[in-house]
Amino acid sequence: MRVITVAAKDSGGQERASKQSEQVDDELVDETGDLKERHAKLSEDVDDVLDEIDEVLETDAESFVRSFVQKGGQ
Amino acid sequence: MSVQRVMGSETEYGISVPGHPNANAMLTSSQIVNAYATAMHRARRARWDFEEENPLRDARGFDLARELADASQLTDEDSGLANVILTNGARLYVDHAHPEYSTPEVTNPRDAVIWDKAGEWIMAEAARHAATVPGSLPINLYKNNTDNKGASYGSHENYLMARTTPFADIVRHLTPFFVSRQVVAGAGRVGLGQDGRANGFQISQRADYFEVEVGLETTLKRPIINTRDEPHADPERYRRLHVIIGDANLSEISMYLKMGTTSLVLAMIEDRFVSVDFSVDQPVRTLHQISHDPSLKQLVTLRSGRKLTAVQLQMEYFEQARKYVEDKYGADVDEITKDVLERWESVLSRLESDPMSLNRELDWVAKLEILEGYRKRDGIDWDNARLHLVDLQYADVRPAKGLYQRLAARGRFERITTDEEIRRAVDQPPVDTRAYFRGRCLDKYADSVAAASWDSVIFDLPDRESLQRVPTLDPLRGTKQHVETLIDRCRTASDLVREITGS
């Protein structure tokens, strides 16, 4: 069988996807903020998250977790 | 080099049919892969070309005898399990008893995240399509690494390195880095020990499954440094470092830093820049201890006698990297390298001062915050099945059910990519590696591609008696710049082969 190489001389000149998406400016990581206040805010925020998670969590956690059995992989 | 180098990731997804723990995972994994392949409407399915695969080649310079190898190591034998090569240059297939997605080759950690995230989307789509087959049961897929009952499955990283770098240098400088990297890249886990029997939370999904320092195995006695040496490139010039110690990340920042900082450390090793020996006393035991202490206070003892925390050890690597980049590039540093360094420093300093402030960036912190929330609100402890369920469901790939997916959609995770970029990467290859040639060929000439692999595309053409194998041994050729106009003007694969062979 004939072996063929893709023709092209230079291998440089890579184009990169360079546009960085804008960083989310987040008050929670503002290092000048007061730590205690920040933690209070955090836990309020977490309560909202838990409410949302409650709605989507699989029912019967015990049997769901028990039946998640995998074969080993790499 | 900077953070930029040829790299990629491979992820084995957890798979289950709810209510049917004994479902045959090889079969269900095949259903997933086949469902996606069918949905792509491919008349012909290209095979994987195994010609250049050497899974028993060891980086230390010898081949493992085939009869001494475990059956799971013989990955070059076509098992007849489902396998597709995608138009984005990726490979979607069944490995052991899991569906696996291997990204196309990319050149930087940001693209690595984009094409890895495309894999999550592909898995979710595959499961959705599989469920539409009449009579089929729904199949769930999880981007995690353990069932908490003793089984672990991998998410591997690959980095192309200079062949001239002595392997002993890689082992010496990379081991302490890998032992401590989990404080940034860990995905978090409920359960301690391989079977998860002991109660508690740990930083890493994978740590407890690592048992030795260096070795060729990936499924038994897993080593911190894996010595598989299949470069899928010119072996005189390159080695491919096959990293098996990472967790599968959902968080973009965790994954971006995991691959970006590893690439930087490799660059320093290649350039012999690391001046300090951070060798850890008892690295395997230390790896487990760090994972088991989310308070981050666990001390690591270096062979020099020095003691420091994992975060401080990472900070040492960061300091070296900062100096290295400054010495080598100064103000000419590229944007991604600069960004990786800035984020790495920021993450490490906040891990020192206020770890929970990383709840929007790191998988293990985000997961721990939710779990602690449940413990507090519902007064439950680590043995409670709901906490185990939160751990599992965090990694569910479905947009409506996966906890990471839900929270990310609500803007609760910091990101470095956009949905549009990820959606595009589902179908389109990176433009700056040979994956571009592979992906475009699969897209435009699907009916004529008999097989493909990382380093070849094989055509079956009506006007030629023998198969035409086009080797793509150089990962940085066959890029958009090289072959776009060629592929654009060749209507058929026969035209393409005629043009590149000149006959």
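Predicted, not measured: the structure shown is a model, and the values here were computed from it.

Trainee: Just to check I follow, could you spell out the overall build of chain A for this structure?
Mentor: For chain A, the helix and strand inventory stands at two helices and zero strands. For chain A, buried positions account for 32% of its 74 residues. Taken as a whole, chain A presents about 5,000 Å² of accessible surface, with 45% of it coming from carbon and sulfur.

Trainee: Teacher, can you tell me more about the layout of surface pockets here?
Mentor: To find leftover empty space, a probe the size of one water molecule is rolled over the atoms. All names here are of chain B. Put simply, the second largest pocket is a space of about 440 Å³. In terms of lining, the second largest pocket is formed by 16 residues, of which the most central are Glu120, Trp121, Gln405, Asp419 and Ile422. Broken down by secondary-structure element, the contributors of at least two residues to the lining of the second largest pocket are α2 (109-130), α10 (403-409) and α11 (419-427). Per-class residue counts for the lining of the second largest pocket are eight nonpolar, one polar and seven charged.

Trainee: Teacher, can you tell me more about the nonpolar core here?
Mentor: Across soluble globular proteins, nonpolar side chains have a tendency to be buried as a group. Residues and elements named next belong to chain B. Leu174, Trp344 and Leu351 are the most contacted members of the largest nonpolar core, which totals 131 residues. When neighbours within four sequence positions are excluded, Trp344 is seen to be in contact with Phe177, Leu257, Thr261, Leu264, Val265, Gln314, Tyr317, Phe318 and Ala321. Counting residues in each nonpolar core, the second largest holds 24 residues, with Ile85, Val457, Val483 and Ile500 among its members.

Trainee: Just checking my understanding: could you explain the packing of aromatic side chains for this structure?
Mentor: Each aromatic ring pair is summarised here by two numbers: the centre-to-centre distance and the angle between the ring planes. Residues and elements named next belong to chain B. Enumeration over the complete set of coordinates arrives at twelve aromatic pairs over all chains. Here Phe177 and Phe178 contribute two aromatic rings whose centre-to-centre distance is 6.0 Å and whose plane-to-plane angle is 40°, an arrangement assigned as tilted. With respect to burial, Phe177 and Phe178 carry one shared label: buried. Look at Phe273 and Tyr324: their rings are 5.2 Å apart centre to centre, the planes differ by 65°, and that puts the pair in the edge-to-face class. Of this pair, Phe273 sits in the loop between α4 (252-270) and α5 (283-291) while Tyr324 is found in helix α6 (residues 310-329), placing the two residues 51 residues apart along the sequence. Chaining the aromatic ring pairs together yields one cluster made of Phe177, Phe178, Phe278, Tyr317, Phe318 and Trp344. Sitting over the ring of Trp48, Arg91 keeps its end group 3.9 Å from the ring centre. It is Arg423 that lies over the ring of Trp121; its NZ or CZ is 4.3 Å from the centre.

Trainee: Help me understand the sheet that holds strand β6 (residues 98-102) of chain B in this model?
Mentor: Sheets are built from strands paired through backbone hydrogen bonds, the pairs being either parallel or antiparallel. Residues and elements named next belong to chain B. Judged by pairing direction, the sheet is antiparallel, and its six strands sit side by side in the order β4-β5-β6-β1-β8-β13 without closing on themselves. What marks the edges here is a single partner per strand, and that holds for β4 (83-85) and β13 (238-243). Across the sheet, the axes of successive neighbouring strands diverge by a mean angle of 20°, strand direction being ignored. With five bridges connecting them, strand β1 (residues 7-12) and strand β8 (residues 155-162) associate as antiparallel partners. For Thr11, the partnering residue across the bridge sits in β8 and is Ser155. Taken strand by strand, helix α1 (residues 25-39) contacts β4, β5 (91-95) and β6, and its axis lies near 165° from that of β5.

Trainee: Help me out: how do you make sense of the UniProt feature "active site" (unreviewed entry) in chain B in this one?
Mentor: UniProt marks Asp95 of chain B with the feature "active site" (unreviewed entry), using the numbering shown here. You can see Asp95 of chain B is positioned in strand β5. Setting aside residues no more than four positions away along its own chain, Asp95 of chain B makes contact with Gln74 of chain A together with Glu12 and Glu100 of chain B.

Trainee: When you look at helix α12 (residues 435-444) of chain B in this model, what are you seeing that I'm missing?
Mentor: An α-helical segment advances 3.6 residues per turn. Residues three or four places apart therefore align on the same side. Residue and element names in this part refer to chain B. Across the ten residues that make up α12, a large majority, eight, are buried. Listed as buried for α12 are Ala435, Tyr436, Phe437, Arg438, Gly439, Arg440, Cys441 and Leu442. Those residues of α12 hidden inside the fold are in contact with β4, β16 (449-453), β17 (456-459), β18 (468-471), α13 (480-489) and α14 (493-501).

Conventions used here
Residues numbered from 1 in each chain as written. Chains lettered and ligands numbered in written order. Predicted model: local features only at pLDDT ≥ 70, side-chain atom pairs only at ≥ 80, totals over all residues. Heavy atoms only, no water. Helix = DSSP H or I, 4+ residues; strand = E, 2+ residues; numbered from the N terminus. Buried < 20%, exposed > 50% of the residue type's maximum accessible area, 1.4 Å probe, protein only. Areas by Shrake-Rupley, 256 points an atom, 1.4 Å probe, with all protein chains shown as cover. 1 Å grid on protein atoms, 1.4 Å probe; cavity = no way out; pocket = protein on both sides within 12 Å on 5 of 7 lines; lining within 4 Å. Points joined across faces, edges and corners; volume = space filled by probe spheres on them. Nonpolar A, V, L, I, M, F, W, Y, C, P; charged D, E, K, R; others polar. Core = buried A, V, L, I, M, F, W, Y, C linked by side-chain atoms within 4.5 Å. Contact = heavy atoms within 4.5 Å. Phe/Tyr/Trp six-rings, centres within 6.5 Å; stacked < 30°, edge-to-face > 60°. Lys NZ or Arg CZ within 6 Å of the ring centre and 35° of its normal. Pairing = 2+ DSSP bridges. Axes fitted to C-alpha atoms, helices over the stretch in contact; angles between N-to-C directions. UniProt positions renumbered as here; feature names shortened; annotations may be inferred.

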